[in-house]
Amino acid sequence: MLKLTYTENSFYLERLAGSLEEWVTARVMLSLRAASSLWVESSTASFLLPVDMPHLADLEKAVRQQIIDEISLSICDANYIEVTLKGTWMTSNPHGEEGVFVVKLSDRTEFFLCKLWQESQTYASVTNE
């Protein structure tokens, strides 16, 4: 399962073990016990990856092998590719842009997405220096 955390100024992607349904259920139960609002809905999330990433071809191959359509790749411009995921959006503010997005993909696809996202963070750091 992939968890994408969107905050006011950043975005973080991580891979979690376990069932998507169990994780969402635990999150809903926590919200109920804490007496806090939580909106849960089916949605999409997107993020960009540089097109010159070394293992991007491996991700493209893994996406082509997916039988389900929870992920798609689109060329954004000459420098970036957009990764779009279909999954579950959870937030305390339905009109805000902060929250958590979770999706279950094949292990191979999740691995490549995580690896590429981590490499893109290093790539961005080096480029900015």
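Criteria and thresholds
- Residues numbered from 1 in each chain as written.
- Predicted model: local features only at pLDDT ≥ 70, side-chain atom pairs only at ≥ 80, totals over all residues.
- Heavy atoms only, no water.
- Helix = DSSP H or I, 4+ residues; strand = E, 2+ residues; numbered from the N terminus.
- Rg over C-alpha atoms; globule rule 2.2 N^0.38 Å.
- Contact = heavy atoms within 4.5 Å.
- Areas by Shrake-Rupley, 256 points an atom, 1.4 Å probe, with all protein chains shown as cover.
- Lys, Arg positive; Asp, Glu negative; His and termini not counted.
- Charge placed at Lys NZ, Arg CZ, Asp CG, Glu CD.
- Buried < 20%, exposed > 50% of the residue type's maximum accessible area, 1.4 Å probe, protein only.
- Pairing = 2+ DSSP bridges.
- Polar contact = N/O pair within 3.5 Å; in protein donor to acceptor, adjacent residues only side chain to side chain.
- Phe/Tyr/Trp six-rings, centres within 6.5 Å; stacked < 30°, edge-to-face > 60°.
- Arc of directions from axis to C-beta.
- pLDDT = per-residue confidence, 0-100.

Across its full length, the chain holds 3 helices and 6 strands. Computed over C-alpha atoms, the radius of gyration of the chain comes to 15 Å, within 12% of the 14 Å expected from 2.2 N^0.38 for 129 residues, which places it in the range of a compact globule. With respect to the principal axes defined by its C-alpha atoms, the chain has extents near 45 × 35 × 20 Å. Once local pairs closer than 6 in sequence are excluded, the contacts in the chain between residues at least 24 apart make up 65%. In the structure as shown, the chain presents an accessible area of about 8000 Å², 51% of it carried by carbon and sulfur atoms. Between the centroid of the 10 positive side chains of the chain and the centroid of its 18 negative side chains there is a distance of 8 Å.

Here the phi dihedral of Ala35 falls at roughly 55°; this positive angle occurs in a residue that is not glycine. The topology assignment puts Ala35 in the loop between helix H1 (20-33) and strand S3 (39-50). Residue classification places Ala35 among the exposed positions, given a relative accessible area of 72%.

Sheet analysis places strand S1 (residues 2-6) next to strand S2 (residues 11-15), joined by 5 bridges and oriented antiparallel. Bridging across to S2, Tyr6 finds its partner in Phe11. Where S1 folds back onto S2 in an antiparallel hairpin, the turn is made up of 4 residues.

When you line up the elements, Glu21 lands in helix H1. A sequence separation of 81 residues divides Glu21 from Val102, and the C-alpha atoms of the two residues are 10.0 Å apart. One polar contact links Glu21 to Ser19, side chain to side chain, over a distance of 3.0 Å.

What follows is about the packing of aromatic side chains. Scanning the model with the defined rule gives 6 aromatic pairs in all. Between the aromatic rings of Tyr6 and Phe11, the centroid separation amounts to 5.0 Å while the plane-to-plane angle is 40°, which identifies the pairing as tilted. On the basis of relative accessibility, which here comes to 17%, the residue Tyr6 falls in the buried class. Summarising the aromatic geometry, the rings of Tyr12 and Trp117 are spaced 5.2 Å apart at their centres and angled 90° between planes, so their arrangement reads as edge-to-face. Residue Tyr12 is located in strand S2, and its partner Trp117 is located in helix H3 (residues 107-128); the two are separated by 105 residues in the primary sequence. In this structure Trp117 comes out as buried when scored by relative accessible area, which is 6%. Aromatic rings pair up to connect Tyr6, Phe11, Tyr12, Phe47, Trp89 and Trp117 into one cluster.

For helix H2 (residues 56-65), the complete set of buried residues consists of Leu56, Leu59, Ala62 and Val63. Buried residues of H2, viewed axially, fall in a sector of 120°; they line one side.

Of note, Glu110 is situated in helix H3. Of note is the side chain of Glu110, whose polar atom sits 2.8 Å from the backbone nitrogen of Met1.

Residues at a pLDDT of 70 or more form 93% of the chain, whose mean pLDDT is 88. Least confident of the elements in the chain is H3, whose mean pLDDT is 78; most confident is strand S6 (residues 99-103), at 96.

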